[in-house]
Amino acid sequence: MVQSYLRHGPTEAFGLVCSSSSNSHYDGKLAYVPALEDVLVWDVKRGQMLSMWHETGHRAEVTCILRSPQKDVFAVGYADGSVRLWSASSTSVIATFNGHKKSVTALAFDETGTRLASGSQDTDLILWDVVGEAGLYRLRGHRDQITAIRFVRPLAESAPSTSTGTAPGFLLTASKDTFLKLWDLQTQHCIQTVVAHRSEVWTMDLNTEQDLVFTGSGEGDLKAWKIDHEALAHGLRESETGGVTKFIHSVSTLPLASSHRVAQINFHPHKPYLAVQSHDKSVEIFRIRTEDEVKKKQARRRRRAKEKELEKKTKKKGEDASTDVPRDEAQDGGDVELADLFTPYLIVRASGKVRSFDFGDEEPSGKGNVQLFVALASNALEVYNIPPPAKTKDTPPEATRVFSVDIPGHRTDVRTLCLSSDDALLASASNGSLKIWNMKTTACIRTMDCGYAICSTFLPGDRQVAVGTKSGEILIYDIASSSLVDTVQAHTATVWSIHVRPDEQGLVSGSADRDVKFWEFEKKPANGDNPRSASLLTLVHIRTLKMTDDVLSVRYSPNGKLLAVALLDSTIKVFYQDTLKFFLSLYGHKLPVLAMDISADSKLIVTCSADKNVKIWGLDFGDCHKSLFAHDESVMQVAFERTDTRDGDAKVSHCFWTVGKDKMVKYWDGDKFENIQKLEGHHGEVWALAVSHHGKFVVTGSHDKSIRVWEKLDEPLFLEEERERELEALYETGIADALNRTDAPMGSGAPDADADPGGGGGGAAEASAVTKQTTETLMAGERIMEALELADGELEAQREYQDARAQGGLAESVAPPPRHPVLAAYDLEPEGYVLHVVQRVPATALYDALLVLPFEKVVSLMRHLNVWAQKEWNIVLTSRIVFFLLRTHHHQIVANRVMRTALIPLRRHLRDGLRRQKDALGYNLAALRFLQRQTDARRTAEFYEAEAGHAEDVSEEAVRARIAEGRKRKRVSIKA
């Protein structure tokens, strides 16, 4: 019989406050931050996580977060090139846009939130229709990663008077190729390219008036540019000099406090503040002065200059008076300098490296204070208060930290994990902190300071944790009081490994100082005055075993007879535990053994090494049973799965777990030497591993600062099926990649890629359609083809039956052919079934799914579209499909007379259907406008009646007279 195993599945990752893969968003109360593949929503005031936006099965990291003007919608870009629209209230995905080949690096909504622009590492810029859930077009022209995008709305006068819709507007993009580009969305072309800096442009922002642009470079320059809206209104024209009109003009450079890379620039949405981050740990705040303030300052400056001149004149007897006057007059009419408008206000110094910052969207209540939210690269969030400008200049303004969220996660890599004997508590340690987690709720219940932790273990009784550090100490912590109770100067170099003896009377430690030290536990009362108080364990050194090289790992066999010691010379020495007499030497690894474990029956020892191999040895003779190439990088930890002690008759498990620097967690069968399961999920090298004492789950800790629990499910797993699934997934991604391959992508170093330095480059069209095949779109295309085959077969059978009846070849008693079981189950006509299948394809994947159809199926689909138009089934979808197919297959349709029969009636039916829909929409719109006018008139009348007070003789004429009078005066707008 084929052996089956139980599958392990991931649960939610914890230990993350925010990851450094993306920017964050803050609305004044809630912070929306990236957490590897998820987005977390934090209430920063209470330090509480309100929700996690997680899509099952999606593992790509979040690289960009942006809130839509429609407040409930968020656009989130991912490292696989996809963009998802999330609803904050329902924490679910509204739509998924696939178009980029590499990670999304910049996002921008237009002012209504109906269009979304996304930029990527693949240098492409894509415009998406949020309402229609489709890609509008792809714009090419940049040579490197796009770092910032902003919509520039055209001023009212720039739109032609005849236009009824909104003007498409303009788009401003910055890239690492040093260019700043302005795109006209009406013609879908770049209308100006500016070489903005000498090095990469890392960030850009527009002021609220949309006439001033700031760009920041890798060299620490902050430049200002002016957008000429008047020139934009007139479009591209020839200037007097014969050149083309320029829309973006350089203004000047703004001096910064530091000359590091300018990572982010943000204008405050309502207040006159500009924030710039050009240093790892600080954000510089500029205050934007008003014109009046600047004029006053200039007047003061001139007054002081005049006073100085007068002093000089009295000394020089006024000989140069005549030459000074014109200079003063010239100064009077001086323009406002940029440095005068933007004045350095204060510097916000964060407690760690700043990954991104954001101003609160909403106005905070209080004395005009502004909140600045800072997401740190060290897995923490902070909110600072920026005070309003003071009247006096006695004390310079200082930013104060008001909130911080840092308890639920480590600042540095999780280096070691250990579980209590009942699996209820998990201890995780990093460089600087030891945290205790409740495994049921995954809540952090204790945080203690420690040194650079390397290894850890719970002591018998689960009341204390021992931690081995890089400095050679063993620290003992009491969990109940969350305090350090003992510091043992155990070794003179790093303590690489500690392990509790199976009889729970002592432990062994191995260190880089080449010593293996043995310790006994000694109980002492926690409170010396009270002998009945709970006892604490302390370590007493009893003996030392000197080794020839650094000790990297030590392990007791579960039967208590043997001790295994792994050395830096890549060998494992096995000793008898009681006499320390040498028993076996296991050699075969090419690089040092980093960890090892002994099976519960003390028969097998498994070792993992930096040579990427795992070796399984017998402990009776020291023979190597098998050497497995386990990971693509160093294998960091290995541990045998524990058998559930509550199952009395359970066989001892020889299955074991490995984790490596290749970010993978793997599950192996130690008897059959087979890989059972590969678990992907971590985004950094996996340092730590802890296995449940009851065999129910396994916990891993990583460089990405996340802790993940992989639970044993009730679902059986068969090795053959698992291998087949892996090959299938590989094949599907291979097909999608082959379909998406372009022969000469921009910036790829292709021979013609550099032919056109300013434009589309390499002959590629500057604007093109948005397509990207994924396994989902391929499967959707296959489903449409199956539905078309089924419907065509059913219609053919019905037609044959009708023909036979018409020719008299069939008797009246012969029953018609039975309906297809699928159609009978759905109770649908063949055409209705095809529509049912097409409607279930997500709108974002529909066009890519239609591209999969061969031309014969397109002809078949056109016939069904004719029926849909005739019966007015989902006219909007019908129109979209018709126009897309006509645009895509134009040449074949024109060259092929087969389509005439389907297209001519389709045109007639579709026009009739659309005309009826247009009439209904027009009628409804007119009715809504009538209702709006009625409501406005009633509100205006109520307002004037209320204004007249309780006067008894308020006649209709008096109210009308007041309304007429009000029209002449300043208009008052009343909001509902």
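Reading the values: the criteria
- Residues numbered from 1 in each chain as written.
- Predicted model: local features only at pLDDT ≥ 70, side-chain atom pairs only at ≥ 80, totals over all residues.
- Heavy atoms only, no water.
- Helix = DSSP H or I, 4+ residues; strand = E, 2+ residues; numbered from the N terminus.
- Buried < 20%, exposed > 50% of the residue type's maximum accessible area, 1.4 Å probe, protein only.
- Contact = heavy atoms within 4.5 Å.
- Areas by Shrake-Rupley, 256 points an atom, 1.4 Å probe, with all protein chains shown as cover.
- Pairing = 2+ DSSP bridges.
- Patch = residues over 30% accessible without salt bridge, like charges linked within 9 Å, V, L, I, M, F, W, Y side chains within 5 Å.
- Salt bridge = Lys/Arg side-chain N within 4 Å of Asp/Glu carboxyl O.
- Lys, Arg positive; Asp, Glu negative; His and termini not counted.
- Charge placed at Lys NZ, Arg CZ, Asp CG, Glu CD.
- Polar contact = N/O pair within 3.5 Å; in protein donor to acceptor, adjacent residues only side chain to side chain.
- Axes fitted to C-alpha atoms, helices over the stretch in contact; angles between N-to-C directions.
- Phe/Tyr/Trp six-rings, centres within 6.5 Å; stacked < 30°, edge-to-face > 60°.
- Lys NZ or Arg CZ within 6 Å of the ring centre and 35° of its normal.
- Core = buried A, V, L, I, M, F, W, Y, C linked by side-chain atoms within 4.5 Å.
- Parallel < 35°, antiparallel > 145°, perpendicular 65-115°, else oblique.
- Nonpolar A, V, L, I, M, F, W, Y, C, P; charged D, E, K, R; others polar.

Student: What is the right way to look at the overall build of the protein in this model?
Tutor: Regarding its fold elements, the protein presents 14 helices and 56 strands. Burial statistics for the protein: of 976 residues in total, 49% are counted as buried. Of the contacts made within the protein by residues no fewer than 6 positions apart, 52% connect residues no fewer than 24 positions apart. Per element, the accessible surface of the protein, about 48,800 Å² overall, is 50% carbon and sulfur.

Student: Just checking my understanding: could you explain the pairing of strand β8 (residues 82-87) for this structure?
Tutor: Look at any regular strand and the pattern is simple: side chains alternate between the two faces of the sheet. With 6 of 6 residues buried, β8 lies mostly within the body of the structure. Covered by surrounding structure in β8 are Ser82, Arg84 and Trp86 together with Val83, Leu85 and Ser87, the residues of both alternating faces. Pairing of strand β7 (residues 73-78) with β8 involves 5 bridges; the strand directions are antiparallel. Following the sheet pairing, Val73 is matched in β8 by Ser87. Where β7 folds back on β8, the antiparallel hairpin that results is connected by 3 residues, among which Gly81 adopts a positive phi of roughly 90°. From the end of β8 to the start of strand β9 (residues 92-98), which pair antiparallel, there are 4 residues, and Thr91 there has a positive phi angle of about 45°.

Student: I tried to follow a negative patch on the surface on my own but got confused; where do I start?
Tutor: Taken together, Glu674, Glu720, Glu721, Glu724 and Glu728 make up a surface patch of like negative charges. When residues in the negative patch are grouped by element, the largest group, 4 residues, is from helix α5 (residues 719-740). Looking at where Glu728 falls in the secondary structure, it is placed in helix α5.

Student: Help me understand a positive patch on the surface in this model?
Tutor: Where like charges cluster on the molecular surface, the positive patch consists of Lys296, Arg300, Arg303, Arg304, Lys308, Lys312 and Lys315. With respect to the helices and strands, Lys312 occurs in helix α2 (residues 291-316). Assessed through its relative accessible area of 49%, Lys312 is described here as partly exposed.

Student: Sorry, what's going on with the sheet that holds strand β56 (residues 767-768) here?
Tutor: The pairing of strands in a sheet happens through backbone hydrogen bonds and is either parallel or antiparallel. Read across the open sheet, the 5 strands follow the order β10-β11-β12-β13-β56; overall the sheet is antiparallel. On the outer flanks of this sheet lie β10 (104-109) and β56, each paired with one strand and no other. Summarising the sheet, strand β12 (residues 125-129) and strand β13 (residues 134-139) pair through 5 bridges and their orientation is antiparallel. The partner of Leu125 across the bridge, within β13, is Leu139.

Student: Help me understand the pattern of salt bridges in this model?
Tutor: Pairing is possible between side chains of opposite charge, provided their charged atoms come close. As enumerated under the stated definition, the model contains 27 salt bridges in all. Residue Lys712 pairs with Glu641 through a salt bridge whose shortest N-O separation is 3.1 Å. Separated by 71 residues along the polypeptide, Lys712 in strand β55 (residues 707-717) and Glu641 in the loop between β49 (635-640) and β50 (655-660) bring together distant segments of the chain. According to the relative accessible area criterion, Glu641 is buried, its value standing at 8%. Across the pair Asp827 and Arg819 runs a salt bridge whose closest N-O atoms are separated by 3.5 Å. Look at Asp827 and you get exposed, because its relative accessible area is 58%. Through salt bridges with shared partners, one network takes in Arg7, Glu715 and Glu722.

Student: What is the right way to look at the side chain of His491 in this model?
Tutor: Position of His491 among the secondary structure elements: in the loop between β36 (483-488) and β37 (495-500). Only 3.2 Å separates the side chain of His491 from the side chain of Asp513, close enough to count as a polar contact. Excluding anything up to four places from it in sequence, His491 contacts Ser471, Gly472, Ser509, Gly510, Ser511, Asp513, Asp515 and Lys517.

Student: Teacher, can you tell me more about the sheet that holds strand β17 (residues 189-195) here?
Tutor: Read from one edge to the other, the open sheet built from 4 strands follows the order β14-β15-β16-β17, with strand pairing classed as antiparallel. Sheet topology places β14 (146-152) and β17 at the edges, where each strand pairs with a single neighbour. Taken over all neighbouring pairs, the strand axes of this sheet differ in orientation by 20° on average, direction set aside. Across 6 bridges, strand β16 (residues 179-184) lies against β17 in antiparallel orientation. By the bridge assignment, Leu180 is partnered in β17 with Val194.

Student: Mind showing me how you'd approach helix α8 (residues 830-839) here?
Tutor: Each full turn of the α-helix corresponds to 3.6 residues, which orients residues three or four apart in the same direction. Burial runs high along α8: 8 of the 10 residues are buried. Considered for burial, the residues of α8 that qualify are Pro830, Glu831, Gly832, Tyr833, Val834, Leu835, Val837 and Val838. Those residues of α8 that are buried lie in contact with α6 (775-806), α7 (821-826), α9 (843-851), α10 (855-871) and α11 (875-888).

Student: Explanation requested: the packing of aromatic side chains in the structure shown.
Tutor: Two descriptors summarise a pair of aromatic rings, namely the distance from one centre to the other and the angle between the planes of the rings. Within this structure, the stated rule accounts for 18 aromatic pairs. Ring geometry for Phe97 against Trp128: centres 4.8 Å apart, planes inclined by 20°, an arrangement best described as stacked. One end of the pair, Phe97, is in strand β9; the other, Trp128, is in strand β12, with 31 residues separating them in the sequence. On the basis of relative accessible area, Trp128 is assigned to the buried category, the value being 2%. Among the aromatic residues, those joined into a cluster by ring pairs are Tyr32, Trp53, Phe74 and Trp86. We note Lys470 situated over the ring of Tyr452; from NZ or CZ to the ring centre the distance is 4.6 Å. Seen from the ring of Phe518, Arg543 lies directly overhead, with NZ or CZ sitting 5.1 Å from the centre.

Student: Looking at this model, I keep getting lost on the nonpolar core. Mind explaining?
Tutor: The tendency in soluble globular proteins is for nonpolar side chains to be buried side by side. Counting residues in each nonpolar core, the largest one holds 38 residues, and the members touching the most others are Ile784, Leu850, Leu861, Leu865, Ile881 and Leu885. Those elements that place two or more of their residues in this core are α6, α8, α9, α10, α11 and α13 (900-947). Ignoring any residue separated from it by four or fewer positions in sequence, one finds Leu850 in contact with Ile784, Leu861, Ile881, Phe884 and Leu885. In terms of nonpolar packing, the next biggest core, distinct from the first, is built from 20 residues, Leu172, Ala174, Ile227 and Phe247 among them.

Student: Looking at this structure, I do not really get a nonpolar patch on the surface. What am I missing?
Tutor: Nonpolar side chains collect at one region of the surface, where Leu925, Leu928, Phe930 and Leu931 lie side by side and expose about 390 Å² of accessible area between them. Checked against the element boundaries, Leu925 lands in helix α13. Using a relative accessible area of 43% as the deciding quantity, one classes Leu925 as partly exposed.

Student: Got a minute to help me understand the packing of α6 against α8 in this structure?
Tutor: Any two packed helices are characterised by the angle at which their axes cross and by the distance between the axes. Where α6 meets α8, the closest approach of the two axes is 9 Å, and the angle between their N-to-C directions is 175°. The pairing of α6 with α8 is recorded here as roughly antiparallel in orientation. For the pair α6 and α8, contact is made by Arg783, Ile784, Ala787, Leu788, Leu790, Ala791, Glu794 and Leu795 and by Pro830, Glu831, Tyr833, Val834, Val837 and Val838, respectively. Split into classes, the residues belonging to the contact of α6 with α8 amount to 11 nonpolar, no polar and 3 charged.

Student: Can you help me understand the side chain of Asp43 in this one?
Tutor: As for its position among the elements, Asp43 is in strand β4 (residues 38-43). Polar side-chain contacts of Asp43 include one of 3.0 Å to the side chain of Arg46. Ignoring anything within four residues of it in the chain, the contact list for Asp43 reads Lys29, Leu30, Gln48 and Leu50.

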